[in-house]
Amino acid sequence: MKAWWEKERLEDEIVDCRTIILSTAGCKWRRCKMCSYYLEANPKANSETILNEFREAYEKADVVKIFTSGSFFDDREVDKEVRRKIYEFLEKEGVKKLVVESRPEFITEEVVKEIQEAKIAIEVGIGVETSNDWIREKIINKGFTFQEFKRAASMLREAGSRVKAYLLLKPPLLSEEEAIKDAIQSVKDVESYVDVISLNLMTVHKNTLVEKLWSKKLYRPPWLWSAVEVLKKSKIETICDPVAGGKSRGPHNCYDCDPEFVEAIKSFSLTQDKSYLEEVECDCEELWEVSLKGESLARLPVFVF
Ligand code: SF4
């Protein structure tokens, strides 16, 4: 069990959020080319261990996030009776919003009913990654279509739930420039189906195709300049937490300016004030601009550091 405090937006206010990672049987799909969350799965998890973990990790907060490194609405991971107990508990505690994640195939009529009956506001994040079916299917190997995402998002919103789309900046095999274009297009394509977008900047997980490419210098995580470029163009609420920002396995620029960029992106995420993104500067902008053109021609990272 892992849990920590962070800040979260709640109807334009910045509030305290308790984030809890529950150890469950893990994601049923397990085939995405950048993900090794399955390594955190616990085959011995059951309703009792999950509820115990939740009670141990919970502390009073305005917003509670419960992540399972899989799908909260997959009964195999979190039994519906456990989910019901969690809703009841959080409602009694006066929690204002519960944030969970799910693949779209688990958003069924039954789950819609469950959300409608829960007396707590729920936000569901779906890892659609891109609106481009070819990139999602052939490169990421996500296993569902944009149409399936739209179906799930629409059902959730009709049930009164907020929906968050996770978009991935720089799937493998895309150049830096292609990745930016894909993310900007995806923001436009998902914006009418969701309430908020979370732009996820690729980090190199262990035992993945991305790690193999990265270790041979055939892949470089996105520049933070690229993240700033995408965030500036978004017209709806968009958040971004640059996990491993400034590390070679995570999104980075020249390393010198990375702390400043990470801070600016985090401040923007909390406030949605684009002036944070306008203010960042560093001489490495020129290298980034060269790599935008260079990677598309060479099909290889131009500056690997
Ligand atoms: S990215 Fe999500 S859907 Fe894909 S394998 Fe990882 S946990 Fe499962």
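Residues numbered from 1 in each chain as written. Predicted model: local features only at pLDDT ≥ 70, side-chain atom pairs only at ≥ 80, totals over all residues. Heavy atoms only, no water.

Looking at an unreviewed UniProt entry, the chain carries the name Radical SAM domain protein, with the source organism given as Ferroglobus placidus. According to the UniProt record, the Cofactor (unreviewed entry) comment for the chain reads "[4Fe-4S] cluster". (UniProt positions renumbered as here; feature names shortened; annotations may be inferred.)

Trainee: Describe a negative patch on the surface, listing the residues and the values that go with them.
Mentor: Among the surface-exposed residues, Glu260, Glu281, Asp283, Glu285, Glu286 and Glu289 lie close enough to one another that they form a single negatively charged patch. Looking at the negative patch element by element, the count peaks at three residues for helix α11 (residues 285-298). Structurally, the position occupied by Glu285 is in helix α11. Relative accessible area serves as the criterion here: at 32%, Glu285 is assigned to the partly exposed category. (Patch = residues over 30% accessible without salt bridge, like charges linked within 9 Å, V, L, I, M, F, W, Y side chains within 5 Å. Areas by Shrake-Rupley, 256 points an atom, 1.4 Å probe, with all protein chains shown as cover. Salt bridge = Lys/Arg side-chain N within 4 Å of Asp/Glu carboxyl O. Lys, Arg positive; Asp, Glu negative; His and termini not counted. Charge placed at Lys NZ, Arg CZ, Asp CG, Glu CD. Helix = DSSP H or I, 4+ residues; strand = E, 2+ residues; numbered from the N terminus. Buried < 20%, exposed > 50% of the residue type's maximum accessible area, 1.4 Å probe, protein only.)

Trainee: So what's going on with the nonpolar core? Which residues, and what values?
Mentor: Ranked by size, the top nonpolar core spans 86 residues in total, and within it Phe73 and Phe149 carry the most contacts. Once residues lying within four places of it in the same chain are set aside, the contact partners of Phe73 are Arg83, Tyr87, Val100, Ser102, Phe106, Ile107, Val111, Glu114, Ile115 and Val124. If you look at the next biggest cluster of nonpolar residues, it comprises eight residues, including Val15, Ile21, Phe67 and Tyr166. (Core = buried A, V, L, I, M, F, W, Y, C linked by side-chain atoms within 4.5 Å. Contact = heavy atoms within 4.5 Å.)

Trainee: Lay out helix α1 (residues 47-57) with the relevant residues and their values.
Mentor: Those residues of α1 lying buried are Ile50, Leu51, Glu53, Phe54 and Ala57. Axial view of α1: buried residues confined to an arc of 160°, hence all on one face. Across from the buried face of α1, at angles greater than 90 degrees, the exposed residues are Glu48 and Glu56. The inward-facing, buried residues of α1 abut β1 (2-10), β2 (13-21), β3 (63-67) and α2 (80-93). Backbone nitrogen of Glu48 and a side-chain oxygen of the N-cap are separated by 2.9 Å at the start of α1; the cap is Asn46. (Arc of directions from axis to C-beta. Polar contact = N/O pair within 3.5 Å; in protein donor to acceptor, adjacent residues only side chain to side chain.)

Trainee: Can you tell me about the pairing of β1, naming the residues and giving the values?
Mentor: Sheet analysis places β1 next to β2, joined by nine bridges and oriented antiparallel. Paired with Leu10 across the two strands is Glu13, which belongs to β2. Linkage of β1 to β2, two consecutive antiparallel strands, is achieved through a turn of two residues, within which Glu11 is found at a positive phi near 45°. (Pairing = 2+ DSSP bridges.)

Trainee: So what's going on with the site of the ligand? Residues and values would help.
Mentor: In the vicinity of the ligand, the residues found are Cys27, Arg30, Arg31, Cys32, Cys35, Ser69, Arg103 and Lys142. Looking at the shell around the ligand residue by residue, the class counts come to three nonpolar, one polar and four charged. (Near = heavy atom within 4 Å. Nonpolar A, V, L, I, M, F, W, Y, C, P; charged D, E, K, R; others polar.)

Trainee: A description of the sheet that holds β3 should follow, citing residues and the corresponding values.
Mentor: Here eight strands make up an open sheet; going across it, the order is β1-β2-β3-β4-β5-β6-β7-β8 and the pairing mixed. Here the strands that pair on one side only, and so sit at the sheet edges, are β1 and β8 (238-239). Bridge count between strand β5 (residues 122-129) and strand β6 (residues 162-169): five bridges; the pairing is parallel. By the bridge assignment for β6, Glu129 is matched with Leu167. Lying on the sheet, helix α9 (residues 258-271) is in contact with β1, β2 and β8; it crosses β1 at an angle near 60°. (Axes fitted to C-alpha atoms, helices over the stretch in contact; angles between N-to-C directions.)

Trainee: If you had to explain unusual backbone geometry to someone new, which residues and values would you point to?
Mentor: The phi angle at Lys217 is positive, at roughly 60°, despite the residue not being glycine. Among the secondary structure elements, Lys217 is positioned in the loop between α7 (209-215) and α8 (224-233). Lys217 sits in the exposed class, given a relative accessible area of 53%. In this structure, Tyr255 is a non-glycine residue whose phi angle is positive, near 80°. With respect to the helices, strands and loops of the structure, Tyr255 is situated in the loop between β8 and α9.

Trainee: Quick one: what's the story with helix α5 (residues 146-158), residue by residue and with numbers?
Mentor: Residues spaced three or four apart along an α-helix face the same direction, because each turn holds 3.6 residues. Taking 1.5 Å per residue as the helical rise, α5 with its 13 residues ought to reach 18 Å, and the 18 Å between its terminal C-alpha atoms agrees with that figure. Residues Phe146, Phe149, Lys150, Ala152, Ala153, Met155 and Leu156 constitute the buried set of α5. Among the structural elements, α3 (109-117), β5, α4 (133-140), β6 and α6 (176-190) are those in contact with the buried residues of α5. Gly160 lies just past α5 and shows a positive phi near 95°. (Expected span 1.5 Å × (residues − 1).)

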